[in-house]
Amino acid sequence: EPVDTRKLSLALRTWSPVKGASVKKEMELISRIISIAMREWNIHLPFNPASGKHCTRPEAQDGDERNRRLEDRAPEILKQVQAGDVQRSRRKVKDMEYVLDPEISALLQAAGGEQINLLRACRYPEWFRPQRKHVTDSTVRSRKLTKAKPKTKARQRKGLRLWAIVSFAIETGLRRGEMLALQWEHLHHTKDGAYLLLPAAITKTQTERVVPLSLRAERILKTQPKASELIFNSNYEAVKTAYRRAKEKVQIQDLRMHDLRHEATSRLYENTDLRESEIGAITGHEDDRSRRRYTNIRAAHQVKRFHESRK
């Protein structure tokens, strides 16, 4: 019995729990598999039922095209932290009053954009852990002794160094998988500056890529311990979970880690005079459509460049 491809496409759009963009990718994969089967495996079909010619793709929907960037203004988080809305600690007792340290409260009151607040949550997660308001004298003395001890800097702490990964993603535009596969042997230095030579094996496009490093990116790498051959010695799930928790602490909504790649690509357009082809070579976008999709230049910057360029 012949397959009604229009009904098949409609069913995929209606029943699929994922967005239209994901359905399109899945349909393209099915189409390629059928094409290979017809061409190389001698499986005879009158036509490819999953091709775009015979099976319509879902139309673009809200959220399919990502244009999220880091905002200069961040939500007020102090009240939420004090109320305990941000912190989800298993040690918290119901109906117990909690407060933040006065010094921490002053830091969180300081104005900051989403990047500053996100990196605060990555560097110092303990800032967002309210303490019991009413405690015994011994607990007060213990807190004073702990506070008097020298603080260990974030870059000297053991464990997942999420702040370094997030900062490096904003500076370089590397994909999460590329960063977690980076090795020290991929880092090179010249008289003009440092750069990463990504081998084809760790890039999405399976092509070698050169990524020049800014001074900030170089400083981030200098703080990384050389405990293994990997620069960022972690795994995908650990980074994913820690990043989600950091966002919850500072009330940042709808900012995926992959959106930091959009931020980095857009900043290359805004802060450098590189040609489009040069930016694409750095970010790994092989065609113009992909590069344009990852470029979301702010309106204020476009207006400024327009007036600066006028003679």
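Small disclaimer: the values here were computed from a predicted structure and weren't measured.

Draft legend 1. Main features of helix H5 (residues 114-123). H5 sits mainly inside the fold: seven of its 10 residues count as buried. Among all positions of H5, only Glu 114, Asn 117, Leu 118, Leu 119, Arg 120, Ala 121 and Cys 122 are buried. For H5, the elements touching its buried residues are helix H4 (102-109), helix H7 (162-172), helix H9 (215-222) and helix H10 (236-249).

Draft legend 2. Representation of the nonpolar core. Of all hydrophobic cores here, the largest spans 47 residues; its most connected members are Val 166, Phe 168, Leu 182, Leu 196 and Phe 232. With eight residues, the single largest contributor to this core is H7. Discounting residues that sit within four places of it in the chain, Val 166 has contacts with Leu 118, Leu 119, Cys 122, Tyr 243, Met 257 and Leu 260. Core analysis: the second largest hydrophobic core is formed by five residues, Val 23, Met 27, Ile 34 and Cys 55 among them.

Draft legend 3. Spotlight on the pairing of strand E5 (residues 209-212). A one-sided burial pattern is seen for E5, the buried positions being Arg 209 and Val 211 and the unburied ones Val 210 and Pro 212. Sheet topology note: the strand E4 (residues 193-198)/E5 ladder contains four bridges and is antiparallel. Bridged to Leu 196 within E5 is Val 211.

Draft legend 4. Representation of the sheet that holds E5 in the model. The three strands are arranged E3-E4-E5 in an open sheet whose pairing can be described as antiparallel. Pairing within the sheet leaves two strands with one partner each, and these edge strands are strand E3 (187-190) and E5. Averaged over all adjacent pairs, the angle separating strand axes in this sheet is 30°, with direction ignored. Two elements, E3 and E4, share four bridges in a ladder whose sense is antiparallel.

Draft legend 5. Region of the structure containing the pattern of salt bridges. According to the stated counting rule, one finds 13 salt bridges in the structure shown. Of the charged contacts in the structure, one is a salt bridge between Arg 298 and Glu 263, with a shortest N-O distance of 3.8 Å. Remark: Glu 263 occurs in helix H11 (residues 259-271) and Arg 298 occurs in the loop between helix H13 (288-293) and helix H14 (299-309); sequence separation between them is 35 residues. Taken together, the shared-partner salt bridges in this structure form one network comprising Arg 69, Glu 263, Arg 267, Glu 270 and Arg 298.

Draft legend 6. Representation of the packing of aromatic side chains. Per the stated rule, a full pass over the model turns up one aromatic pair. The cationic tip of Lys 226 hangs over the ring face of Trp 184; the distance from NZ or CZ to the ring centre is 5.0 Å.

Draft legend 7. A look at H11. The terminal C-alpha atoms of H11 lie 18 Å apart, and with 13 residues this matches the ideal 18 Å at 1.5 Å per residue to within 8%. Among the residues of H11, those classed as buried are Asp 259, Leu 260, Arg 261, His 262, Glu 263, Ala 264, Thr 265, Ser 266, Leu 268, Tyr 269 and Glu 270.

Thresholds, definitions, all that
- Residues numbered from 1 in each chain as written.
- Predicted model: local features only at pLDDT ≥ 70, side-chain atom pairs only at ≥ 80, totals over all residues.
- Heavy atoms only, no water.
- Buried < 20%, exposed > 50% of the residue type's maximum accessible area, 1.4 Å probe, protein only.
- Helix = DSSP H or I, 4+ residues; strand = E, 2+ residues; numbered from the N terminus.
- Contact = heavy atoms within 4.5 Å.
- Core = buried A, V, L, I, M, F, W, Y, C linked by side-chain atoms within 4.5 Å.
- Pairing = 2+ DSSP bridges.
- Axes fitted to C-alpha atoms, helices over the stretch in contact; angles between N-to-C directions.
- Salt bridge = Lys/Arg side-chain N within 4 Å of Asp/Glu carboxyl O.
- Phe/Tyr/Trp six-rings, centres within 6.5 Å; stacked < 30°, edge-to-face > 60°.
- Lys NZ or Arg CZ within 6 Å of the ring centre and 35° of its normal.
- Expected span 1.5 Å × (residues − 1).

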